[in-house]
Amino acid sequence: MSAAADAARFGPALDLVQGRVTLAHGAGGRATAALIAQVFLPALGNAWLHSADDGVVLPALGERLVMATDAHVVSPLFFPGGDIGRLAVHGTLNDVAMMGARPLYLSASFVLEEGLPLADLVRIVTGMGAAAQEAGVPVVCADTKVVERGKGDGVFISTTGVGALPAGRDLGGARAQAGDAVLVSGSIGRHGMAILAARGELGLALSVTSDSADLSGLVASLLDAVPTVRVLRDPTRGGVAATLNEIAHQSQCGIWLDEASLPVDAAVQSACELLGLDPLNLACEGRVLVVCPAEAKAAALETLRRHPLGAGAACIGACVAEPPGVVQMRTRLGGTRLIDWLSADPLPRIC
Ligand code: MG
């Protein structure tokens, strides 16, 4: 059924310019049907979503599936370089891709706060639909709930992704080995800094945009060219520091970083210095950390750099045997610094 036919059937027409989300939109009645028909289906619609059953029937996907899920609570909802809708698509697609799988399907669950402007919701869902279409991964099932004013913060979006894992491909943090190279696909910290700037708490005018992007194409080229890659992980919440600590902990390798080789954009670097932040702790949403055998390093870097999302790729360090599970950095001044997990979250709700 076309969106127009749905709208006619489930009228009255919503005021998508001045209107707001009400509790009735989550009550499962005619208002819910109108919201689905006039907001969600036009932006996200596909044959699966239009089927309007309790679940969706998908074709068999092969021997091994990868599934990943992520809740998105970013504040503010709109930021330079993206919005919560696009982020909710990219975040989950990227987690599926980090496992070496080709993302195929997404589900989405929306928790809306009473009073959210419908125009904002349309903008968010439209961004989400565009991101899903660019990635070629449809949102095949979705759910919407509404909570009372003050019980949410506009909108929270949870997405789940499913992908197919080719035979013989096994990636994971535990696979890192002493001697391996550690690469990153581009400059770090942009998403975290863009969110901080968008909150307007810095008193700074920053020209930093989020790096939010679908990495599945970049990852597919890399794995085609360099099948010996051992670990892929996107340094999202907690940044490169937390992600490398996870890999060091899982593999019981040590990791040495080289500060001079860390790619950091000048605007992010200077804002970090001003604010006493470390780019290693700032989230990325369009970068991948790669651990591969040292002999594959050159081919991996070359493949990453050929892709628009990997143009700034760099080798930033190496895995070592001792001390196990510890991440350290050689500083520009020739010193040594422990790169630990942060014990508290200095930047809540960045994704
Ligand atoms: Mg991840």
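Being a predicted model, the structure only gives us computed values, none of them experimental. (Residues numbered from 1 in each chain as written. Predicted model: local features only at pLDDT ≥ 70, side-chain atom pairs only at ≥ 80, totals over all residues. Heavy atoms only, no water.)

Draft legend 1. Summary view of the overall build of the chain. In terms of regular secondary structure, the chain is built from 10 helices and 13 strands. C-alpha atoms of the chain, sized along the principal axes, occupy 70 × 50 × 30 Å. A buried classification covers 50% of the 351 residues belonging to the chain. When the accessible surface of the chain is split by element, carbon and sulfur atoms take 54% of a total near 15200 Å². Separation between the mean location of the 25 positive side-chain charges and that of the 34 negative ones in the chain comes to 2 Å. (Helix = DSSP H or I, 4+ residues; strand = E, 2+ residues; numbered from the N terminus. Buried < 20%, exposed > 50% of the residue type's maximum accessible area, 1.4 Å probe, protein only. Areas by Shrake-Rupley, 256 points an atom, 1.4 Å probe, with all protein chains shown as cover. Lys, Arg positive; Asp, Glu negative; His and termini not counted. Charge placed at Lys NZ, Arg CZ, Asp CG, Glu CD.)

Draft legend 2. Main features of the coordination of the magnesium ion. Coordination sphere of the magnesium ion, protein contribution only: Asp 95 (OD) and Asp 234 (OD), at 2.1 Å. Residue Asp 95 is located in helix α4 (residues 84-98), and its partner Asp 234 is located in the loop between β8 (231-233) and α8 (239-251); the two are separated by 139 residues in the primary sequence. What makes Asp 95 partly exposed here is its relative accessible area of 24%. (Donors = N, O, S within 2.8 Å, 3.2 Å for Na, K, Ca; no water.)

Draft legend 3. Representation of the nonpolar core. Core analysis: the biggest nonpolar cluster contains 50 residues, and Phe 110, Leu 112, Leu 121, Val 155 and Met 193 have the highest contact counts within it. It is helix α5 (residues 118-135) that provides the largest number of residues to this core, a total of 8 residues. When residues are assigned to domains, this core turns out to be shared by domain 1 (3-165) and domain 2 (173-338), each giving three or more. Once residues within four sequence positions are removed from consideration, Met 193 is found in contact with Leu 202, Leu 206, Val 208, Val 268, Ala 271, Cys 272, Leu 275, Leu 277 and Leu 282. If you look at the next biggest cluster of nonpolar residues, it comprises 24 residues, including Val 182, Leu 244, Ile 247 and Val 291. (Core = buried A, V, L, I, M, F, W, Y, C linked by side-chain atoms within 4.5 Å. Domains from an automatic or database assignment. Contact = heavy atoms within 4.5 Å.)

Draft legend 4. How the structure looks around the sheet that holds strand β5 (residues 139-147). Read from one edge to the other, the open sheet built from 4 strands follows the order β1-β6-β4-β5, with strand pairing classed as mixed. The open sheet has two free edges, formed respectively by β1 (65-72) and β5, since each of these has just one partner strand. Sheet twist, expressed as the average angle between the axes of neighbouring strands with direction ignored, equals 15 degrees. One ladder, built from 8 bridges, connects β1 with strand β6 (residues 155-164); its direction is antiparallel. (Pairing = 2+ DSSP bridges. Axes fitted to C-alpha atoms, helices over the stretch in contact; angles between N-to-C directions.)

Draft legend 5. Quick peek at the side chain of His 90. On the secondary structure map, His 90 appears in helix α4. Given the relative accessible area of 4%, His 90 is considered buried. Beyond its immediate chain neighbours, meaning those up to four positions away, His 90 contacts Ala 131, Ser 212, Ala 213 and Asp 214.

Draft legend 6. Fine view of the pattern of salt bridges. With the rule as written, the count across this model stands at 9 salt bridges. Put simply, Asp 153 and Arg 349 hold a salt bridge, and the shortest N to O gap is 3.0 Å. Here Asp 153 is found in the loop between β5 and β6, whereas its partner Arg 349 is found in the segment after β13 (336-338), with 196 residues between them in sequence. Put simply, Arg 230 and Asp 180 hold a salt bridge, and the shortest N to O gap is 2.7 Å. (Salt bridge = Lys/Arg side-chain N within 4 Å of Asp/Glu carboxyl O.)

Draft legend 7. Seen up close, the domain arrangement of the chain. Domain boundaries in the chain define domain 1 (3-165) and domain 2 (173-338). Contact with domain 1, which involves 17 residues of that partner, is made by 20 residues of domain 2. Approximately 1500 Å² of surface area, both sides summed, lies buried where domain 1 meets domain 2, with 62% of it carried by carbon and sulfur atoms. Interface area lost by domain 1 to domain 2 is led by Pro 80, Asn 94 and Met 98, which between them contribute 37%. The interface formed by domain 1 and domain 2 contains 0 salt bridges. Ranked by residues supplied to the side of domain 1 that touches domain 2, first place goes to α4 with 8 residues. Grouping the constituent residues of the side of domain 1 that touches domain 2 by class yields 10 nonpolar, 6 polar and 1 charged. (Buried area = accessible area lost by both parts, 1.4 Å probe. Nonpolar A, V, L, I, M, F, W, Y, C, P; charged D, E, K, R; others polar.)

Draft legend 8. Layout of the packing of aromatic side chains. Within the structure shown, the criterion is met by 2 aromatic pairs. With 4.7 Å between their ring centres and 55 degrees between their planes, Phe 40 and Phe 110 make a pair best called tilted. Within this pair, whereas Phe 40 is found in helix α2 (residues 30-44), its partner Phe 110 is found in strand β4 (residues 102-113), the two being separated by 70 residues in sequence. Judged by relative accessible area, which is 5%, Phe 40 ranks as buried. Under the relative-accessibility criterion, Phe 110 is labelled buried at 0%. Relative to Tyr 105, the ring of Trp 48 has its centre 5.4 Å away and its plane inclined at 85 degrees; by these criteria the two rings are edge-to-face. Of this pair, Trp 48 sits in helix α3 (residues 47-50) while Tyr 105 is found in strand β4, placing the two residues 57 residues apart along the sequence. (Phe/Tyr/Trp six-rings, centres within 6.5 Å; stacked < 30°, edge-to-face > 60°.)

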